[in-house]
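Results of the structural survey
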Amino acid sequence: MKGLRNWPLLAAALVASVVILLIGSAGALRPADNAASIVLVPVQYALHRAVEGFGNLLRAPYDLRYLRAENQRLQMQVDELIYQLALRNEIELENAALRELLGLRERSPDIFGPDADLLSAEVIGRDPSNLLRYLTIDRGSRDGVRVGMPVITARGLVGQVREVRGNSAKVVLLTDPSSAINALIQRSRATGIVEGQTGPNLVLRYLPQTEGIAQPGDLVLTSGLGGHFPRRLLIGEITEVRRSDVDMFQEARLRPAVDLDALEIVFVVRHFTPIGVDGQADREAAPAGGN
Amino acid sequence: MPHLAVAEVCPDLALVAVVCWALHRGTADGAVGGLLAGLVLDLLSGAPFGVHTFAMTLAGTAAGLAVALVPREHAMLLPGMAVLCTILQQAACVSLLRAAGWPLGWSQAVVVIVIVASVLNLLLTIILYPWVGRLGRALSQGESGW
């Protein structure tokens, strides 16, 4: 009974525990408990982290195989999600383009006529030559695309179908040297012909010499004359006017309304109502060759 | 190669590949390389079919002939042929397109295109030449192995 030599201490401890129990159950120790916790909680947290870290370290070899498999599974999941996200973004962009075009049709029903037929197409290639400006689209004769049909975006005119295959078509851009379109200046109503050049800009030729009919900043639209293009489609904005007293006509340089280098989705106008023809006379777009 | 475009002008990878191939392999292989590359370009282009085939075959042949006339080690052979073949190919394209009714001439814009394309093709040729040489050697070893 050596342990009982210190019985006073033992008894004091037991008594103290009982007293604390009694006082504590009465709620009298709560302020002291709260005060102590301010100091103890961070210490407890630090200790817990340390112990947990040590435990993790010990468990690591056992977890490695599981983690590898889990990592591989998650990586595949991430890849799948990235793909789906990219797909969703593409669909959103396509939807935005279609909504923009729908807005254009609703705002300006007279551009295409009542029974206009527009077909969306994706740009799948560009002309490899620096001299020519062509696009290849993923729609062809199987989709009802024919030579001469206008190609547009919601921003304005892009060009005209020049060559059709079964499932693709080549579109000559406004900026190609062989492109020529009847046009009018919105402000002055002066008409001329917009021609492509070797380069990113267009030139509006055969404008009368009248002063002030063409000014930088004026918008140029399709006139619809000849019936090859719907009228009032935006072609571009005048950036520079060249006028000389010795020339019969004046010329203006244009910046195309559409960024032709960044095209992804375009619309082929399969049917529209040409100028001066009533709704009953809807017809297929005119054959190739500008107007 | 629209991402490498300078002033709206892109380097012509097909032409550069044909020139490098011809400089390594000689006239006949150069011409055949030009023919095949031109056929592919004609399939992709809006130009009348055959324009690129003819222009590229011409460029391949010219580069191959240059190797026959000038020692391969000559410092000016590679840059000279890159520039000359670009001019030759572009001139052939412009001439054939004009003959087909395209309103193209040797305007300032076309001249600028040719100058910029020559510089870009020259740079690309310097990069591509050793790689095409390796490809040629690998193919030769394969042929001798058969």
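Everything in this summary refers to the structure shown in the same document. In every chain, residue numbers begin from 1 and rise along the written sequence. Chain A is the first chain written and ligand 1 is the first ligand written, with later ones labelled in order. In keeping with the model being predicted, local features are shown solely for residues with a pLDDT of at least 70 and side-chain atom pairs are shown and tallied solely at 80 or more, while totals for entire chains, interfaces and linings include all residues.

**What about the sheet that holds strand S10 (residues 234–242) of chain A?**
All names here are of chain A. For the record, the criterion: Each pair of strands is called paired provided DSSP finds at least two bridges between the two strands. Strands are runs of DSSP state E lasting at least 2 residues, helices are runs of H or I lasting at least 4, and numbering of each runs from the N terminus. To obtain each axis, a line is fitted to C-alpha atoms, and for helices this fit is confined to the stretch in contact; angles are then taken between N-to-C directions over 0 to 180 degrees.
Pairing is antiparallel in the closed barrel, where 6 strands are placed in the order S6-S7-S8-S11-S10-S9. In this sheet, adjacent strand axes meet at a mean angle of 40° when their direction is disregarded. Pairing between strand S9 (residues 219–222) and S10: 3 bridges, direction antiparallel. Bridge pairing in S10 links Val 220 to Gly 236.

**Thoughts on the pairing of strand S1 (residues 117–126) of chain A**
Residues and elements named next belong to chain A. Both S1 and strand S12 (residues 265–272) contribute to a ladder of 6 bridges, which runs antiparallel. Its bridge partner lying in S12, Leu 119 is registered against Val 268. As defined by bridge partners, S1 adjoins strand S2 (residues 134–137) across 3 bridges and the pair is classed as antiparallel. Among the inter-strand pairings, Gly 125 is bridged to a residue of S2, identified as Thr 136.

**Here we look at the packing of helix H1 (residues 13–25) of chain B against helix H3 (residues 51–69) of chain B**
Residue and element names in this part refer to chain B. Heads up, the rule is: Put simply, angles under 35 degrees are roughly parallel, angles over 145 are roughly antiparallel, angles from 65 to 115 are roughly perpendicular, and the rest are oblique. By the definition used in this description, the sense in which the near helix is turned from the far one sets the handedness, with an anticlockwise turn below a right angle giving left-handed and a clockwise turn giving right-handed. In this description, any two residues whose backbone-derived C-beta atoms lie within 7 Å of each other are considered to be in contact.
Here H1 crosses H3 at 30°, and the two axes come no closer than 8 Å. Classified by the interaxial angle, the pair formed by H1 and H3 is roughly parallel. Along this stretch, H1 crosses H3, giving a crossing that reads as right-handed. Residues Ala 14, Leu 15, Val 18, Val 19, Ala 22 and Leu 23 of H1 touch H3, and the partners they reach there are Met 56, Ala 59, Gly 60, Ala 63, Gly 64 and Val 67.

**Focus on the nonpolar core**
To keep things clear, this is the line we draw: The term nonpolar core refers to a group of buried residues, namely Ala, Val, Leu, Ile, Met, Phe, Trp, Tyr and Cys, whose C-beta atoms join them within 7 Å. Put plainly, a residue is buried at 20 or more neighbouring C-beta atoms within 10 Å of its own, exposed at 12 or fewer, and partly exposed in between, counting only other residues' C-beta atoms, which are placed from the backbone.
Counting residues in hydrophobic clusters, the biggest one holds 87 residues, and the most contacted among them are Val 158, Val 171 and Ile 235 of chain A together with Val 18 and Val 19 of chain B. With 10 residues, H1 of chain B is the single largest residue contributor to this core. When residues no more than four places from it in sequence are discounted, the contact partners of Val 19 of chain B are Ala 59, Ala 63, Met 81, Ala 82, Cys 85 and Thr 125 of chain B.

**Digging into the interface of chain B and chain A**
Stated precisely, the cut-off is as follows: Basically, the charged four are Asp, Glu, Lys and Arg, the nonpolar ten are Ala, Val, Leu, Ile, Met, Phe, Trp, Tyr, Cys and Pro, and anything else, Gly included, counts as polar.
Facing 21 residues of chain B, the contacting portion of chain A comprises 19 residues. Counting only elements with at least two residues in the side of chain B that touches chain A, the list comes to helix H2 (27–44), helix H4 (77–99) and helix H5 (108–145) of chain B. Broken down by element, the residue count for the side of chain B that touches chain A peaks at 4 residues, all from H5 of chain B. Here the residues of the side of chain B that touches chain A sort into 17 nonpolar, 3 polar and 1 charged.

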